[in-house]
Amino acid sequence: MLCSYPKSGCHWLWECIRYLILGVSDVHKTTDKESSMIELNTRENIEALESPRVLNNHAFFDEQPADLKTKGLKIVFVYRNIKDVAVSYYHHHTRDKTYKYSGTFSQYLQRFESGLVDSGSVFEYLQNWESGIKANPSLKVHILSYEEMNEDPVRELGRLSDFLGTNRDGDFLQMVAMETSLDAMRIKKEKVTSFVDENGQPIMYRKGKVGDWVNHFNTEEREKMDKLIAKELGDSSLFKFEDMSTS
Ligand code: A3P
């Protein structure tokens, strides 16, 4: 089960995990992450997926299926610099044809900080996952950040492969890193993605940069957000935001 708050790199990681588990296949050009996203599908659809399945969702820990705790599922949890999440979500909601949000970034940011967006508050989401993981020490969870993945994809793919028990060698990991680069995915996924703007243009594979927030936040907004992150998540021992805030 791949879990993340939206815009934290879920499509990227889903593709990586599938490569690690299934190997190379044309299926990457024909299947989208949304086909195994549990909140978007019926139980029948999910049950009909071929095993091994790479399921995914954006739900809080408390809303996860009960089997997550009892069936020994492996959980990959990805999180991202919250300021970059806000920017990415803003573009998502502005461009996606089903939303067409028309406010400014500053207006959007107020909604985001208050949790008035899909999936609710990113702060509550991460807090809830942290307490859930700590209260269930037998869970098999691998936590990584978008920034770590961006810094050294081959290193992170190696860690993922160890966690998943897929035993992929260095050449394979290099191949996966190339095949799941933003440019590669933009081409491969454009025909299967369900996220498009009103002209039918795909929107999911945008900049893929660490630190794009500097192009959107003014000084006041940055200070306010950094204070919020420190207040809400400063005590976290699972999620680290210090280095990210200056990147
Ligand atoms: P940006 O909007 O900052 O570019 P999610 O998949 O969780 O919705 O996250 C989407 C974000 O991940 C977008 O960020 C998107 O560009 C980025 N992304 C998607 N595929 C990626 C890839 N292969 N490599 C790096 N970033 C990727």
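Since the model is a prediction, treat every value here as computed from it, not as a measurement. (Residues numbered from 1 in each chain as written. Predicted model: local features only at pLDDT ≥ 70, side-chain atom pairs only at ≥ 80, totals over all residues. Heavy atoms only, no water.)

A. Representation of the pattern of salt bridges. Across all of its chains, the model carries 17 salt bridges by this definition. A salt bridge links Lys 83 to Asp 226, with the shortest nitrogen-to-oxygen separation between them at 2.7 Å. Taken together, the residues span a long stretch of sequence, with Lys 83 in helix 5 (residues 82-95) and Asp 226 in helix 12 (residues 219-233) at a distance of 143 residues. Given a relative accessible area of 0%, Lys 83 falls into the buried group. Close ionic contact of Glu 113 with Lys 224 constitutes a salt bridge, the shortest N to O distance being 2.8 Å. (Salt bridge = Lys/Arg side-chain N within 4 Å of Asp/Glu carboxyl O. Helix = DSSP H or I, 4+ residues; strand = E, 2+ residues; numbered from the N terminus. Buried < 20%, exposed > 50% of the residue type's maximum accessible area, 1.4 Å probe, protein only.)

B. Just the nonpolar core, in detail. Residues Ile 82, Phe 112, Leu 126 and Trp 129 are the most contacted members of the largest nonpolar core, which totals 37 residues. Listing elements by their share of this core, those giving two or more residues are strand 3 (74-79), helix 5, helix 6 (105-114), helix 7 (122-135) and helix 12. Filtering out sequence-adjacent residues up to four positions away, Ile 82 remains in contact with Phe 112, Val 122, Phe 123, Leu 126, Met 225, Ile 229, Leu 233 and Phe 241. The next biggest cluster of nonpolar side chains, apart from the first, holds 28 residues, and it includes Trp 14, Leu 144, Leu 160 and Phe 195. (Core = buried A, V, L, I, M, F, W, Y, C linked by side-chain atoms within 4.5 Å. Contact = heavy atoms within 4.5 Å.)

C. Structural view of the environment of Ser 4. Along the polypeptide, Ser 4 turns up in strand 1 (residues 2-4). Spatially, the C-alpha atom of Ser 4 lies 22 Å from that of Ala 184, the residues being 180 residues apart in sequence. Not counting the four nearest positions on each side in its chain, Ser 4 is found in contact with Cys 10, Asn 57, His 58, Val 78 and Tyr 125.

D. Highlighting the state of the cysteines. Enumeration over the complete set of coordinates arrives at zero disulfides. Here Cys 3 is not disulfide-linked; the sulfur of Cys 10 is the nearest cysteine sulfur, at 8.1 Å. Note on Cys 16: no disulfide assigned, nearest cysteine sulfur contributed by Cys 10 at a separation of 11 Å. Accessibility expressed as a relative area gives 0% for Cys 16, which makes it buried. (Disulfide = S-S within 2.5 Å.)

E. Region of interest: the site of the ligand. Not every one of the 18 residues close to the ligand is listed here, only the nearest: His 11, Ser 88, Tyr 146, Arg 206 and Gly 208. Ser 88 is positioned with one of its side-chain polar atoms (N or O) 2.6 Å from an oxygen atom of the ligand. Summarising the interface, the protein chains cover 97% of the accessible area of the ligand, which totals 570 Å² for the free molecule. Within the residue set of the shell around the ligand, elements represented by two or more residues are helix 1 (10-22) and helix 11 (182-189). (Near = heavy atom within 4 Å. Polar contact = N/O pair within 3.5 Å; in protein donor to acceptor, adjacent residues only side chain to side chain. Areas by Shrake-Rupley, 256 points an atom, 1.4 Å probe, with all protein chains shown as cover.)

F. Representation of the packing of aromatic side chains within the structure. Inspection of the entire model under this criterion finds 17 aromatic pairs. Plain terms: the ring middles of Tyr 5 and Phe 112 are 6.3 Å apart, the flat faces sit at 80 degrees to each other, and that makes the pair edge-to-face. Highlighted residues: Tyr 5 in the loop between strand 1 and helix 1 and Phe 112 in helix 6, separated in sequence by 107 residues. Considered together, Tyr 5 and Phe 112 belong to a single accessibility category, that of buried residues. Members of the aromatic cluster, connected to one another through ring pairs, are Tyr 5, Phe 60, Phe 61, Phe 77, Tyr 79, Tyr 89, Phe 112, Tyr 125, Trp 129, Phe 239 and Phe 241. (Phe/Tyr/Trp six-rings, centres within 6.5 Å; stacked < 30°, edge-to-face > 60°.)

G. Summary view of the sheet that holds strand 3. Reading across from one edge, 2-1-3-4 is the order of the four strands in this open sheet, with parallel pairing throughout. The open sheet has two edge strands, strand 2 (56-57) and strand 4 (140-145), and neither has a second partner. Bridge analysis of strand 1 against strand 2 gives two bridges, and the strand direction is parallel. Bridge pairing in strand 2 places Cys 3 opposite Asn 57. Helix 1 rests against strand 1, strand 2, strand 3 and strand 4 of the sheet, and its axis sits at about 165 degrees to strand 1. Lying on the sheet, helix 9 (residues 153-164) is in contact with strand 3 and strand 4; it crosses strand 4 at an angle near 175 degrees. (Pairing = 2+ DSSP bridges. Axes fitted to C-alpha atoms, helices over the stretch in contact; angles between N-to-C directions.)

H. A look at the pairing of strand 3. Of all the six residues making up strand 3, five are buried; the element is thus mostly covered by neighbouring parts of the structure. Relative to strand 3, strand 1 runs parallel, the two sharing three bridges. Within strand 3, the residue paired with Leu 2 across the bridge is Val 76. With six bridges joining them, strand 3 and strand 4 adopt parallel strand pairing. Of the residues in strand 4, the one forming a bridge with Tyr 79 is Ser 145.

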